[in-house]
Structures are given as C-alpha cells and as structure tokens.
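# Topology and contacts: notes
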Amino acid sequence: MSEKKTRREFLITSAAVAGGIVGCKSLQQNTISNAAPPAKMPEQVLGKTGEKLPIFGLGGAGQTPLSKNGVEREAVEQIEKALQLGIRYFDTAASYGPSEDYMGKVLPPHRKKIFLASKTAARDRDGAWRELETSLKRLNVDYLDLWQLHHVSFSEELDTIFSNSGAVKAIEEAKQQKLIRFSGITGHHEPDIIAEGLRRYPFDHTLIPVNAADKYHPRPFLPVVLPVAREKNVGVTAMKVPAYGRLFKPGGLSGMNQALGYSLSQPGVHCCIVAAENIKQLEENVNVARSFQRLDDKELAAIEKQVAGIWEDGNFFRAWT
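In this report, we go over the structure that sits alongside the text. It should be emphasised that the depicted structure is a prediction, and the values quoted were computed from it without experimental measurement.

### Considering the overall build of the chain
Looking only at helices and strands, the chain features 13 helices and 10 strands. Buried residues in the chain amount to 55% of all 321 residues. Taking the contacts inside the chain whose residues are at least 6 apart along the sequence as the reference set, 78% of them involve residues at least 24 apart. Of the roughly 13600 Å² of accessible surface on the chain, 50% is carried by carbon and sulfur atoms.

### Concerning the sheet that holds strand β5 (residues 115–120)
Ordered by their spatial adjacency, eight strands build a closed barrel running β3-β4-β5-β6-β7-β8-β9-β10, and the pairing between neighbours is parallel. Each adjacent strand pair in this sheet contributes to an overall mean axis angle of 30 degrees, direction not counted. With three bridges joining them, strand β3 (residues 56–59) and strand β10 (residues 271–274) adopt parallel strand pairing. Pairing of Gly-57 across the sheet is with Ile-273, part of β10. Against the sheet, helix α7 (residues 167–176) makes contact with β6 (144–149) and β7 (180–186), and its axis sits at roughly 155 degrees relative to β7, the strand it touches most.

### Observations concerning the packing of aromatic side chains
The tally for this structure, following the rule as stated, stands at nine aromatic pairs. Note on Phe-162 and Phe-203: the rings are 6.3 Å apart at their centroids and 50 degrees apart in plane angle, and the pair reads as tilted. Pair noted here: Phe-162 is in the loop between α6 (155–161) and α7 and Phe-203 is in the loop between α8 (191–200) and β8 (205–209), with a separation of 41 residues, a long-range link. Note on accessibility: Phe-162 and Phe-203 belong to one class, buried. Considering the side-chain rings of Tyr-244 and Trp-320, the 6.0 Å spacing of their centres and the 80 degrees angle between planes classify their relative orientation as edge-to-face. Of this pair, Tyr-244 sits in the loop between β9 (235–239) and α10 (256–264) while Trp-320 is found in the segment after α13 (311–314), placing the two residues 76 residues apart along the sequence. On the accessibility criterion, Tyr-244 (31% relative accessible area) is partly exposed. The partly exposed category is assigned to Trp-320, whose relative accessible area is 34%. Site record: aromatic cluster; members linked through ring pairs are Tyr-244, Phe-316, Phe-317 and Trp-320. Cation over ring: Arg-111 sits above Tyr-143, and NZ or CZ is 3.9 Å from the ring centre. Here the basic side chain of Lys-240 rests over the ring of Phe-317, its NZ or CZ set 5.9 Å away from the ring centre.

### Considering the layout of surface pockets
By volume, the largest pocket amounts to about 580 Å³. Lining of the largest pocket is provided by 29 residues; of these, Ala-61, Gly-62, Lys-240, Tyr-244 and Ala-275 occupy positions nearest its centre. Going through the elements one at a time, β10 and α11 (279–290) are the ones with two or more residues in the lining of the largest pocket. By residue class, the composition of the lining of the largest pocket is 13 nonpolar, 12 polar and four charged.

Calculation notes
- Residues numbered from 1 in each chain as written.
- Predicted model: local features only at pLDDT ≥ 70, side-chain atom pairs only at ≥ 80, totals over all residues.
- Heavy atoms only, no water.
- Helix = DSSP H or I, 4+ residues; strand = E, 2+ residues; numbered from the N terminus.
- Buried < 20%, exposed > 50% of the residue type's maximum accessible area, 1.4 Å probe, protein only.
- Contact = heavy atoms within 4.5 Å.
- Areas by Shrake-Rupley, 256 points an atom, 1.4 Å probe, with all protein chains shown as cover.
- Pairing = 2+ DSSP bridges.
- Axes fitted to C-alpha atoms, helices over the stretch in contact; angles between N-to-C directions.
- Phe/Tyr/Trp six-rings, centres within 6.5 Å; stacked < 30°, edge-to-face > 60°.
- Lys NZ or Arg CZ within 6 Å of the ring centre and 35° of its normal.
- 1 Å grid on protein atoms, 1.4 Å probe; cavity = no way out; pocket = protein on both sides within 12 Å on 5 of 7 lines; lining within 4 Å.
- Points joined across faces, edges and corners; volume = space filled by probe spheres on them.
- Nonpolar A, V, L, I, M, F, W, Y, C, P; charged D, E, K, R; others polar.

Here it is, written out as structure tokens:
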C-alpha cells in the first residue's frame, strides 16, 4: 500500500474514532446550535481563498486559557461561546500547548461551518508531515482549511523550506491528498522574509502583525508585506492587534475599538485573530467587531499619534523568532 494511501486512510480513521468521543457531548452541542442567532459581524473575502469570513476570529495562543494546561473547562467554554457569538475562524498551532486538543473537543461537530487553521514550525518535509498528522489527530478532523509555516524569521529558513526536502513539499503533498485546503506563511520578526516568501511561492494566506505601534518600528510590516500580498491577492489576517494589551497602557489607546479599527482599516487586511483571557473579554471583542466601520486617514493618523510614546513596548514580539 502506498504511503499516500496509508497516511490518508489513517488520518480519516483517527478522526472518525475521535468524532465518536466528541459525539457523547451531543446534548451540549445541540444547546449551542439551537441558541437564537446573534447579530452578525461584517464579513470579507479572504483573498484568493474565496472564503467569506467574519472579520474577527479566535486566537488559540497568548493570554488565553486555550494555550494553558489544566484549564480544559474554561477553554472549552470559551470555544463554545465563540461559536455562539458567530465566530467561524479558529486559529491554532502544533506548538500552542493544549490548544489543538481543546479545540478538538468542541469543533468537530461544527466542522462544515468553521474555518480551521493550524501551523507547523518544522522547516523540513518529514518534520512538517509529522506535525500535520499530530495536529489533525488533536483537532479530531480529517482536514484543515489553512495550514501555515509558523513564525518564519530568517532567509536560511526560506532556503530550507523551498529545498527539495523542505516543508513546502509537505504542503504540496497535503494539498494533493486533500488534508489541507490552503497554505500560508506567518511571521512577526522580519517583514522582508515574509514578503520574500510570498514572492517565492503561491501561498494563499499570510498572518502578520498589524497595529499602530508597528508603524514606528525601523522595519514595519505594512509597507513591506501588504503591497506584495495585494498584488498576489493573498489573504491577510492581522495578529498582535492590541499587542497583548500593551497598546492600552496609560497614554495609549482607549480600547479594542481603536486597536481593532486600526488593523481592519488597513487596505488589504481581511480579518484579524485575537485571543481572549475570558468569556467576558471575548464578548466585548466580538461586540466591537460587530460595530466596526472603516476608519479614514485622519482617524488612523490620530491613533498612530496616540501610541507614539509607547511603540517600543508595543513591539516586544518583534524579538521573537
């Protein structure tokens, strides 16, 4: 039996078995699906993926129970609440602790209506395949909507990724086997590397930092990555929108209305993902997204001015690789 057939059948069988486990929560899931439909968030098409999604998605890492061990109940309740609130885009990664496991306990019965994204930090073909198999088993699904190369930071990584034994081979094979629908590249360290990755390969999507503080960094993401993404019709999701809340320091932004408004008003940015510390914060963030209206140049400039004195603290993640 070929490796292709073995891997495909193995993953589908694993997901089916896990689905039976999740099925025992059917009463709880029915409660979710029978709830009164909430007011809808605005939606945008995610570039050449063609997927029309709400502008706000749930992040699976950061200041959130979704990436913390030993808090399954809180994590599951937050994921269930996200579904109730109309969130369809769920973002996680193989390296986000128990995040995939937690999502795998809730999302499978809703698979057809959600957009599920995960990531691999492996740069080689075999390592990426191992992480994809692990992600699918943890998430209890037989395919991902979006699979991305995680936090790509250096030119040497690109060389490895695009080599004959690089992770791009796993992306192509996984697409052929219908284990992933779309591919992407993410990073929060060096915008030139993400832009070069988009030039070298027809990725469907990129996940990059988009916030007012990044404008002041010596190497900002927006003017470097967005022109390439727009030229190639790549879907763009904003991360680090409030910079883990650091943009809300005294003298900074007033709240998520400004942080989210700034990120989603950038031409070529289609949506954002934000983690939540608790359900109350999640509800507040979704309410902001529901009332989003694109800001004009004057309003954007005023927000940039507000973070001019705290931009360095708001760019702490630029040191991560």
